[in-house]
Amino acid sequence: VEPQPKSDLAEFRDVFSKAKHIAIITGAGVSAESGLPTFRAASGHWRKWKTQDLATPQAFSRNSSRVWEFYQYWRELALKAKPSAAHVAIAECEARLRQQGRTVVVITQNTDELHRQAGSKHILEVHGSVFRTRCLSCGDVDVNHHSPICAALQGKGDPDPNCIEADIPVEHLPRCDERGCDGLLRPDVIWFGETLDSHVLTKVEKELDACDLCLLVGTASVVFPAAMFAPQVASRGVPVAEFNIRPRPSTSRFTFYFQGPCAETIPIALS
Ligand code: BJW
Ligand code: ZN
């Protein structure tokens, strides 16, 4: 029989108190209590489509207007959202441990910047950010928190499956303002079929190799390569603690499992 992960908080707290380099891997579940829908729940649909139909370079080249409407909706939600108790506890933990010469790194798949808003400093955003744009012509990457991001997207992005598509001409979608460029902008996020930024991945590898405790919070762990991060740490014999509302097949490979909404479990675990 496989060893079962433990849900013993006192034992976790003991390991946590001795850890010097903590890697916290997060997914959409950490933002669920901020009111942002997760990707693989029924609520994760937008109009008639799933994320897999919209978050691809093919979808963007076929219908840039539709994909920008989807991101208009997302960016509005993320801008209005407030960090949850889990985001806050993670940020406070980093600040507190720093005083003791211990480090915390957040390796997040989320593109909502809520960890940053909560005050986390050491963050690796492996799937990018919806608040950055990238130019398809010159490659320029820019920070952009404006909403709407361009006049034509004002009031667009309604998730109702029966609403009429905006069909915005590409010249009215977000365009590059670098001198003489005017190229089409896209959200600076990683879509299916695209490789993760190699500089970010190198930093992630370093952190996974250096950590002596790993937390895996609110992710379905089905999207690669991020799904391999925690198993990679566990295979070195380093303790991994998973926090999720429901166990997953690979949960059994980890040292600890704490079931429940992470806005409840994380503040207790990291207090
Ligand atoms: C709570 C909670 C609460 C709820 N408290 N918990 C086979 C092997 C290897 C690779 C592939 C393969 N087949 C296909 C691939 C490629 C593909 C992939 O992995 N597909 C899988 C679906 C199989 N991967 C890629 O394409 C990646 N690139 C790549 O691999 O490059 C090399 C390559 C290229 C081509 C072919 C093969 C290889 C890129 C992946 C990019 C993912 N991008 C997205 C969109 C980002 C843009 C945006 O945000 O708009 O990233 S997809 C979406 O999923 C988003 C998320 O970051 C990501 C992960 O989702 P996450 O965070 O796990 O969310 P959910 O909703 O799935 O889960 C929420 C969890 O929280 C659940 O477990 C809940 O129970 C829990 N929860 N409430 C605690 N309150
Ligand atoms: Zn440009």
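For the structure itself, look to the data block above.
As the structure is a prediction and not an experimental result, all values here were calculated from the model.

Draft legend 1. Molecular detail of the packing of helix α6 (residues 85-98) against helix α10 (residues 262-269). At a closest axis distance of 7 Å, the pairing of α6 and α10 adopts a crossing angle of 20°. Relative to α10, the element α6 lies roughly parallel. The way α6 lies across α10 gives a crossing that is left-handed. Every residue of α10 that contacts α6 at Ala85, Ala86, Ala89 and Ile90 is listed here: Cys262, Ala263, Ile266 and Pro267. Considered class by class, the residues forming the contact of α6 with α10 number eight nonpolar, no polar and no charged.

Draft legend 2. Expanded view of the coordination of the zinc ion (ligand 2). Of the protein atoms, only Cys135 (SG), Cys138 (SG), Cys176 (SG) and Cys181 (SG) coordinate the zinc ion (ligand 2), at distances of 2.3 to 2.4 Å. Bound by four donor atoms, the zinc ion (ligand 2) shows angles of 103 to 116° at the metal and therefore tetrahedral coordination geometry. Along the chain, the residues donating to the zinc ion (ligand 2) fall in the pattern C-x2-C-x37-C-x4-C. You can call Cys138 partly exposed: its relative accessible area is 41%.

Draft legend 3. Geometry of the sheet that holds strand β2 (residues 103-108). Overall, parallel pairing links the six strands, which are arranged β3-β2-β1-β7-β8-β9 in an open sheet. Both edges of this open sheet fall to β3 (123-125) and β9 (256-259), since each of them pairs with a single strand only. Across the sheet, the axes of successive neighbouring strands diverge by a mean angle of 15°, strand direction being ignored. Note that strand β1 (residues 21-26) and β2 share six bridges and pair parallel. Across the sheet, the residue bridging to Ile25 is Ile107, located in β2. Strands β1, β7 (213-217), β8 (240-244) and β9 of the sheet are contacted by helix α1 (residues 9-18), whose axis makes an angle of about 125° with β9. Sitting on the sheet, helix α8 (residues 198-210) touches β1, β2 and β3, and the angle it makes with β3 is about 130°.

Draft legend 4. Highlighting the sheet that holds strand β4 (residues 128-135). The sheet built from three strands is open, its strands ordered β5-β4-β6 with antiparallel pairing. The sheet is open, and its two borders are formed by β5 (141-143) and β6 (185-189), each paired with just one other strand. Neighbour-to-neighbour, the strand axes of this sheet turn through a mean angle of 40°, independent of strand direction. Both β4 and β5 contribute to a ladder of three bridges, which runs antiparallel. Within β5, the residue paired with Thr133 across the bridge is Asp142. Helix α5 (residues 64-80) contacts β4 and β6 of the sheet and is inclined by roughly 140° relative to β4.

Draft legend 5. The site of ligand 1, seen in detail. Taken together, 32 residues lie around ligand 1, and Phe39, Arg40, Gly193, Glu194 and Asn244 are the ones closest in. Note that an oxygen atom of ligand 1 is positioned 2.9 Å from one of the side-chain N or O atoms of Thr111. Within the backbone of Ala220, a nitrogen or oxygen atom sits 2.9 Å from an oxygen atom of ligand 1. Across the complex, the protein chains shield 76% of the 1,500 Å² of accessible surface that ligand 1 would expose by itself. One can see that ligand 1 is located within the largest pocket. Class assignment of the residues belonging to the shell around ligand 1 gives a composition of 15 nonpolar, 13 polar and four charged.

Draft legend 6. Up close: the layout of surface pockets. When its volume is computed, the largest pocket comes out at roughly 890 Å³. Lining the largest pocket are 42 residues, with Ala28, Thr38, Phe39, Arg40 and Ala220 sitting closest to its centre. Ranked by residue count, the leading element in the lining of the largest pocket is α5, at three residues. Split by residue class, the lining of the largest pocket holds 23 nonpolar, 14 polar and five charged.

Draft legend 7. Region of interest: the packing of aromatic side chains. Summed over the entire model, instances satisfying the criterion amount to 12 aromatic pairs. Note on Phe60 and Trp191: the rings are 5.3 Å apart at their centroids and 40° apart in plane angle, and the pair reads as tilted. Taken as a pair, Phe60 in helix α4 (residues 57-62) and Trp191 in the loop between β6 and α8 lie far apart in primary sequence, 131 residues in all. Relative to Phe258, the ring of Phe256 has its centre 6.2 Å away and its plane inclined at 10°; by these criteria the two rings are stacked. In this pair, the class of Phe256 matches that of Phe258, namely buried. Members of the aromatic cluster, joined through ring pairs, are Trp46, Trp49, Phe60, Phe70, Tyr71 and Trp191. Over the ring of Phe16 we find Arg102, and its NZ or CZ is 6.0 Å from the ring centre. Here Arg186 stacks its cationic end above the ring of Trp191, 3.8 Å away from the centre of that ring.

Here is what the cut-offs are and how they apply
- Counting from 1, residues in each chain are numbered in the order their sequence is written.
- To label them, take the chains in the order written and letter them from A, then take the ligands in the order written and number them from 1.
- The model is predicted, so local features are restricted to residues of pLDDT at least 70 and side-chain atom pairs to those at 80 or more, both for listing and for counting; the totals for chains, interfaces and linings are taken over all residues.
- Side-chain measures were taken over the full set of non-hydrogen atoms in the model, leaving aside hydrogen atoms and water.
- Structural elements are reduced to axes, namely lines fitted to C-alpha atoms, with helices fitted over the stretch in contact, and the angle between N-to-C directions of any two is expressed from 0 to 180 degrees.
- Put simply, DSSP marks the helices as runs of H or I at least four residues long and the strands as runs of E at least two long, and each gets a number from the N terminus on.
- An angle below 35 degrees is treated as roughly parallel, one above 145 as roughly antiparallel, one from 65 to 115 as roughly perpendicular, and anything else as oblique.
- We call a crossing left-handed when the near helix sits turned anticlockwise from the far one by less than a right angle, and right-handed when that turn is clockwise.
- Only heavy atoms matter for contacts: two residues are in contact if any of them lie within 4.5 Å across the pair.
- In the scheme used here, Gly and all other residues not listed as nonpolar or charged are polar, with Ala, Val, Leu, Ile, Met, Phe, Trp, Tyr, Cys and Pro taken as nonpolar and Asp, Glu, Lys and Arg as charged.
- Donor selection uses N, O and S atoms within 2.8 Å of the metal (3.2 Å for Na, K and Ca). Since no water is included, sites may look incomplete.
- Here a site with four donors is tetrahedral if all angles are between 85 and 135 degrees, and a site with four or six donors is square planar or octahedral if opposite donors are over 155 degrees apart and the other angles are between 65 and 115; anything else gets the irregular label.
- Only protein chains enter the calculation, and the probe is 1.4 Å; a residue is then buried if its accessible area is under 20% of its type maximum, exposed if over 50%, and partly exposed in between.
- Whether two strands pair depends on DSSP finding at least two bridges between them.
- By convention in this text, a residue qualifies as near a molecule or strand provided that one of its non-hydrogen atoms is within 4 Å of it.
- Counted as a polar contact is a pair of N or O atoms within 3.5 Å, where, for protein atoms, one must be capable of donating a hydrogen and the other of accepting one, and residues adjacent in sequence contribute only when both atoms are in side chains.
- Note on areas: Shrake-Rupley, 1.4 Å probe, and residue coverage restricted to the protein chains presented here.
- The rule is simple: put a 1 Å grid over the protein atoms alone, call a set of points where a 1.4 Å probe fits but cannot get out a cavity, call an open set with protein on both sides within 12 Å along at least five of seven lines a pocket, and count a residue as lining if it has an atom within 4 Å of a point.
- Just a note on the criterion: a molecule sits in a pocket or cavity if more than half of its atoms are within 2 Å of the grid points.
- Grid points are joined across faces, edges and corners, and a volume is the space filled by probe spheres set on the points.
- Pairing of aromatic side chains requires ring centres within 6.5 Å, counting the rings of Phe and Tyr and the six-membered ring of Trp. Pairs whose planes differ by under 30 degrees are stacked, by over 60 edge-to-face, and all others tilted.
- Distance and angle both matter: a charge sits over a ring if NZ of Lys or CZ of Arg is within 6 Å of the ring centre and within 35 degrees of the ring normal.

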